[in-house]
Amino acid sequence: MQLSSSALSLYNDCPRCFYLDRKFKLPRPRGIFSSLPIGIDKILKEKLDTFRGSLPPQLQVKELEGFELYTGSELSKMRNWKTNPLKMKDAEGNTIVGAFDDLLHNPEKDLYAILDVKTKGSRPDQAYCEKYYQKQVDIYSRFLEVGGKTLAPFAVLLYFWCEPGENELVTFKSEPFFLTPFPGDAELLFKDAISLLEGDMPGPGIDCEYCGYHEKLSVYND
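Residues numbered from 1 in each chain as written. Predicted model: local features only at pLDDT ≥ 70, side-chain atom pairs only at ≥ 80, totals over all residues. Heavy atoms only, no water.

Moving on, we come to the overall build of the protein. Secondary structure summary: the protein contains 7 helices and 9 strands in total. Along the first, second and third principal axes, the C-alpha atoms of the protein reach 60 × 50 × 30 Å. Expressed as a percentage of its 222 residues, the buried residues of the protein come to 40%. Looking at the protein alone, contacts between residues at least 24 apart form 66% of all its contacts between residues at least 6 apart. (Helix = DSSP H or I, 4+ residues; strand = E, 2+ residues; numbered from the N terminus. Buried < 20%, exposed > 50% of the residue type's maximum accessible area, 1.4 Å probe, protein only. Contact = heavy atoms within 4.5 Å.)

Spelled out as structure tokens, the structure:
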């Protein structure tokens with residue numbers, strides 16, 4: 001079985017929704033998604049490429065001294081989950097795939113760190129970053145370990161958000177947030193998710209609005 005990093009995030013959020021998605025091909029419904037974040041994300045990634053081998057101003061902080069944007073030729077493959085050579089696989093052949101936004105590299109110490117570019121309507125805080133992206137950081141960092149790369153003690157989320165401007169209507173702010181990767185937790189999450197799929201469907205998630213919606217529908221259908 002092949003899973004994605006987003007599938008594991010779904011498992012962590014609600015095991016029942018994960019089970020329905022993977023076993024019965026019943027994904028959570030998706031609403032209309034604004035194209036603005038996609039467009040901004042594309043521009044940011046293209047702009048980051050112009051700083052390859054160095055750092056953009058937003059990442060020129062004390063914690064990243066000695067680091068640069070990774071210059072390896074395989075980066076383009078790593079950015080596509082279909083071609084990324086780094087992945088997790090267990091003894092039964094189950095696989096987790098995913099794709100990086102970018103990589104930071106310290107050539108002198110040969111250390112690597114995940115760099116993910118994020119956008120939000122307002123400034124996030126550390127707790128928000130850890131709540132929603134710790135698992136992703138763990139998984140991608142484990143990919144690096146499997147690929148024989150030595151991890152830096154952090155991963156970086158580079159956040160961009162907008163605020164009211166003085167002379168402009170809006171202005172963009174940015175800030176890097178540092179998370180500690182726990183790649184061993186990614187292996188445990190992988191194992192638990194596969195074990196769940198081999199058993200019976202779990203009950204509805206207590207705080208899952210999707211499960212709550214389906215429960216209400218079942219009342220009307222009885």
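Next up on the list: the nonpolar core. In terms of nonpolar packing, the biggest core is built from 42 residues, with Phe 18, Phe 100 and Ile 139 touching the most fellow members. Looking at this core, the elements that each hand over two or more residues are α1 (5-13), α2 (15-24), α4 (75-78), β6 (111-120), α5 (126-146), β8 (155-164), β9 (170-179) and α6 (183-197). Residues contacting Phe 100, with those up to four places away along its chain left out, are Met 78, Arg 79, Asn 84, Leu 86, Ile 114, Tyr 140, Phe 143 and Leu 144. Among the nonpolar cores identified, the runner-up in size contains 18 residues, and Ile 40, Leu 104, Val 117 and Phe 160 belong to it. (Core = buried A, V, L, I, M, F, W, Y, C linked by side-chain atoms within 4.5 Å.)

Right, let's talk about the pattern of salt bridges for a bit. Evaluation of the coordinates by the stated rule reveals 13 salt bridges. When the shortest N-O distance is used, the salt bridge between Glu 145 and Arg 142 registers 2.8 Å. Here the residue Glu 145 and the residue Arg 142 both occupy positions in helix α5, the gap between them amounting to 3 residues, near one helical turn. Among the residues examined, Glu 145 registers a relative accessible area of 34% and is labelled partly exposed. (Salt bridge = Lys/Arg side-chain N within 4 Å of Asp/Glu carboxyl O.)

So, about the layout of surface pockets. Roughly 1,900 Å³ of internal volume is contained in the largest pocket. Ser 6, Ser 9, Lys 118, Tyr 133 and Gln 136 are, among the 43 residues lining the largest pocket, the residues nearest its centre. Where the lining of the largest pocket is concerned, the elements lending two or more residues are α1, α2, α3 (36-49), β6 and α5. Considered class by class, the residues forming the lining of the largest pocket number 18 nonpolar, 9 polar and 16 charged. (1 Å grid on protein atoms, 1.4 Å probe; cavity = no way out; pocket = protein on both sides within 12 Å on 5 of 7 lines; lining within 4 Å. Points joined across faces, edges and corners; volume = space filled by probe spheres on them. Nonpolar A, V, L, I, M, F, W, Y, C, P; charged D, E, K, R; others polar.)

So, on to a nonpolar patch on the surface. A surface patch of nonpolar side chains, about 300 Å² in accessible area, is lined by Phe 24, Leu 26 and Met 201. Assignment of secondary structure puts Leu 26 in the loop between α2 and α3. (Patch = residues over 30% accessible without salt bridge, like charges linked within 9 Å, V, L, I, M, F, W, Y side chains within 5 Å. Areas by Shrake-Rupley, 256 points an atom, 1.4 Å probe, with all protein chains shown as cover.)

Where α1 contacts α6, the two axes come as close as 10 Å, and the packing angle between them is 75°. The angle between the axes of α1 and α6 places the two elements in the roughly perpendicular class. Contact residues: Leu 8, Tyr 11 and Asn 12 in α1; Leu 189, Phe 190, Asp 192, Ala 193 and Leu 196 in α6. Taken together, the residues of the contact of α1 with α6 break down into 6 nonpolar, 1 polar and 1 charged. (Axes fitted to C-alpha atoms, helices over the stretch in contact; angles between N-to-C directions. Parallel < 35°, antiparallel > 145°, perpendicular 65-115°, else oblique.)

Let us look at the environment of Phe 160. Counting through the fold element by element, Phe 160 comes out in strand β8. Sequence spacing of Phe 160 and Pro 37 is 123 residues, and the spatial spacing of their C-alpha atoms is 10 Å. The residues contacting Phe 160, other than those within four sequence positions of it, are Leu 44, Gln 58, Val 117, Lys 118, Thr 119, Lys 120, Lys 173 and Ser 174.

In this section: the packing of aromatic side chains. The tally for this structure, following the rule as stated, stands at 11 aromatic pairs. Aromatic pair Phe 100 and Tyr 140: ring centres 5.4 Å apart, planes at 75°, arrangement edge-to-face. Taken together, the positions of Phe 100 in the loop between β4 (95-97) and β5 (102-106) and Tyr 140 in helix α5 put the pair 40 residues apart, joining distant regions of the chain. Here the two residues Phe 100 and Tyr 140 agree in accessibility, since each one is buried. Where Tyr 128 meets Tyr 159, the ring centres are 6.4 Å apart and the plane angle is 65°; that geometry is what we call edge-to-face. Placement of the pair is Tyr 128 in helix α5 and Tyr 159 in strand β8, with a sequence separation of 31 residues. For Tyr 128, a relative accessible area of 27% corresponds to the partly exposed category. (Phe/Tyr/Trp six-rings, centres within 6.5 Å; stacked < 30°, edge-to-face > 60°.)

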